[in-house]
Amino acid sequence: TTNRHNPLALRGVAGLVCATRSTQRAMVVVTRGVAGQRKGVSPSASLAAASSKPKSQKRPAVSLRSRWCRLSHARRASLNSLGLRTRAAQDDEQATSGVEDGGSDGGNIKQLLGMKGASVEKEDKWKVRLQLMKPVTWVPLIWGVACGAAASGMYTWTPENVAKALLCMTMSGPFLTGYTQVINDYYDREIDAINEPYRPIPSGLISETEAVAQFVLLLAGGLGIAYVLDGWAGHETPVIFYEAIFGSFISYIYSAPPLKLKQSGWYGSYALGASYIALPWWAGQLLFGNNLTWDVALLTVLYSLAGLGIAIVNDFKSIEGDRELGLKSLPVEFGIDVAKWITVGTIDLTQLAVAAYVYQGLGERWYSIAIQLLVIPQVFFQFKYFIPDPVKNDVKYQGAAQPFLVLGILMTGLAVGHHNQLLAAGGL
């Protein structure tokens, strides 16, 4: 366990492995030379034939990832000299070997979704632009719109309402979340060169100018859709449009200097969590009911503390690069052992507090019980994956536990919606 975290010990083991492999290759060459001598071939000729490659053999194709690795050799060497070997660098090497061994299909899928280990081979420009927007991050926002629609208590399954919901989800997901991801990648291009070198900008698949043009178009499209939704819903005051402006501003100051909230630890993580949970909920509820009250708004803000925990989970994979560039993420400031308990604490306690409000404040007992039951599998996966190794198992944990979290958010939305229906019917 001690040697695992000791850079000098790791380099010593690496040198021993390399020396052993060199000795094995030399033994193979000598063995072939002896075999050739038995057949009547001179030892020198046998050794030369065994150690030389045919001239007709082509050199393997050099991928863009390999070129990037050579170009950034000086930066990686400086990190290694400090004893820092980022987990992203290990993922990068694994992804490279996967591509060279014929695993390009998995890399291309990850590229389209904007996930770690993506391929950086030359692709159509639309695929690169899609990767830059990280489609995998759209899901919570789309789900949040559905929860807000349920909380309004006014949603009915008509073709018009379905069309409204889909347009609102398009605004929240591909356009405004896509804008958030592209602008974040643009201002994080230097740190991504360390943590996630397969991303489109550091890998050279898209230029900085093209990235700027993309996030400007996405922002304009998202704000335009918000204005259309206000008109479609008959709002006298364009509340969805104002909310979209507010969320876009938060996204900007989260990523861009001089504020760059993501550098400030708690503030940045909470801003990201609130954007992922509260804002799409508000949009869905305003679209169908325009009955967003202060207590429900505060409830969603409280739920955003769970989003804070999710945001911290994403910081563990970047801890070495964040430390190198001076970014004050929570894992950097508190260390991995403390930060992982802060993470699970915010996620679990927030949901239990929401369940208590649903029970006491809204009087929705069965929905409260459902929310509490959905916390149990999350705790199980926290102790199975996240607590033992949050750096290695962050993706496994999120994939296993987050479905139960988002189901809890839906239960909360349904509870608020049922409460609003009872109020409208005079049952309370």
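Heads up: the structure comes first, above all this text.
Keep in mind that what you see is a predicted model, and the values were worked out from it rather than measured.

Criteria and cut-off values
Residues numbered from 1 in each chain as written. Predicted model: local features only at pLDDT ≥ 70, side-chain atom pairs only at ≥ 80, totals over all residues. Heavy atoms only, no water. Helix = DSSP H or I, 4+ residues; strand = E, 2+ residues; numbered from the N terminus. Contact = heavy atoms within 4.5 Å. Axes fitted to C-alpha atoms, helices over the stretch in contact; angles between N-to-C directions. Parallel < 35°, antiparallel > 145°, perpendicular 65-115°, else oblique. Left-handed = near helix turned anticlockwise from the far one by under 90°. Nonpolar A, V, L, I, M, F, W, Y, C, P; charged D, E, K, R; others polar. Patch = residues over 30% accessible without salt bridge, like charges linked within 9 Å, V, L, I, M, F, W, Y side chains within 5 Å. Areas by Shrake-Rupley, 256 points an atom, 1.4 Å probe, with all protein chains shown as cover. Salt bridge = Lys/Arg side-chain N within 4 Å of Asp/Glu carboxyl O. Buried < 20%, exposed > 50% of the residue type's maximum accessible area, 1.4 Å probe, protein only. Expected span 1.5 Å × (residues − 1). Bend = angle between axes of the 7 residues up to and from the residue. Phe/Tyr/Trp six-rings, centres within 6.5 Å; stacked < 30°, edge-to-face > 60°. Core = buried A, V, L, I, M, F, W, Y, C linked by side-chain atoms within 4.5 Å.

Trainee: Tell me about the environment of tyrosine 270, and name the residues and values.
Mentor: Considering the arrangement of structural elements, one finds tyrosine 270 in helix H13 (residues 266-288). A sequence separation of 39 residues divides tyrosine 270 from glycine 309, and the C-alpha atoms of the two residues are 8.5 Å apart. Apart from residues lying up to four places away in sequence, tyrosine 270 is in contact with Val301, Ser304, Leu305 and Leu308.

Trainee: Please give an account of the packing of helix H9 (residues 159-187) against H13 that cites residues and values.
Mentor: Between H9 and H13, the shortest axis-to-axis distance is 11 Å and the interhelical angle comes to 150°. As far as their axial angle goes, H13 and H9 are roughly antiparallel. As H9 packs across H13, the resulting crossing turns out to be right-handed. For the pair H9 and H13, the contacting residues are Asn161, Lys164, Ala165, Cys168, Met171, Ser172, Thr177 and Gln181 in the first and Tyr276, Pro280, Ala283, Gly284, Leu287 and Phe288 in the second. Of the residues that constitute the contact of H9 with H13, the class distribution is eight nonpolar, five polar and one charged.

Trainee: Give a detailed account of a nonpolar patch on the surface, specifying residues and quantitative values.
Mentor: Together, Trp366, Ile369, Leu373 and Ile376 make up a nonpolar patch on the protein surface, roughly 460 Å² of accessible area in all. By the element assignment, tryptophan 366 lies in helix H18 (residues 365-386). With relative accessibility at 62%, the residue tryptophan 366 sits in the exposed group.

Trainee: Hey, could you go over the pattern of salt bridges for me, with residue numbers and the actual values?
Mentor: Side chains bearing opposite charge may pair, as long as their charged atoms lie close to each other. Taken as a whole and assessed by the stated rule, the structure comprises five salt bridges. Linking glutamate 208 and arginine 189 is a salt bridge whose minimum nitrogen-to-oxygen distance equals 3.2 Å. On the criterion of sequence distance, the pair formed by glutamate 208 in helix H11 (residues 208-233) and arginine 189 in helix H10 (residues 189-195) is long-range, its members being 19 residues apart. Here glutamate 208 falls in the partly exposed class, since its relative accessible area comes to 38%.

Trainee: Which residues make up H9, and what values do they have?
Mentor: Between its first and last C-alpha, H9 extends 41 Å over 29 residues, near the 42 Å set by a 1.5 Å rise per residue. Along H9, the helix axis deviates most sharply at glycine 178, where the bend reaches about 30°.

Trainee: An account of the packing of aromatic side chains is needed here, citing residue identities and associated values.
Mentor: Two aromatic rings, taken as a pair, are described by how far apart their centres are and by the angle between their planes. Tallied over the full model, the rule gives 14 aromatic pairs. Ring geometry for phenylalanine 381 versus tyrosine 385: centroids 6.1 Å apart, planes at 5°, classification stacked. With phenylalanine 381 and tyrosine 385 both in helix H18 and four residues apart, the pair spans about one turn of that helix. Aromatic ring contacts, followed pair by pair, group Tyr179, Tyr186, Tyr187, Phe215 and Tyr252 into a single cluster.

Trainee: Quick rundown of unusual backbone geometry? Include the residues and the values.
Mentor: Residue proline 258 follows proline 257 across a cis peptide bond; omega there is 10°. By the secondary structure assignment, proline 258 is in the loop between helix H12 (239-255) and H13. We note that lysine 134 has phi near 50°; this positive angle belongs to a residue other than glycine. Residue classification places lysine 134 among the buried residues on the basis of a relative accessible area of 13%. The phi torsion at lysine 260 lies on the positive side, around 40°, for a residue other than glycine. Here lysine 260 lies in the loop between H12 and H13.

Trainee: Tell me about the nonpolar core, and name the residues and values.
Mentor: In this structure, Trp281, Trp282, Tyr303, Val358, Ile371, Ile409 and Val416 are the most contacted members of the largest nonpolar core, which totals 25 residues. Residue assignment for this core shows that the elements contributing at least two residues are helix H8 (138-152), H13, helix H14 (294-315), helix H17 (336-360), H18 and helix H19 (394-425). Here isoleucine 371 is in contact with Tyr303, Gln351, Ala355, Val358, Gly408, Met411 and Thr412, once residues within four sequence places are set aside. In this structure, Val145, Ala149, Leu223 and Ala244 belong to the second largest nonpolar core, which totals 17 residues.

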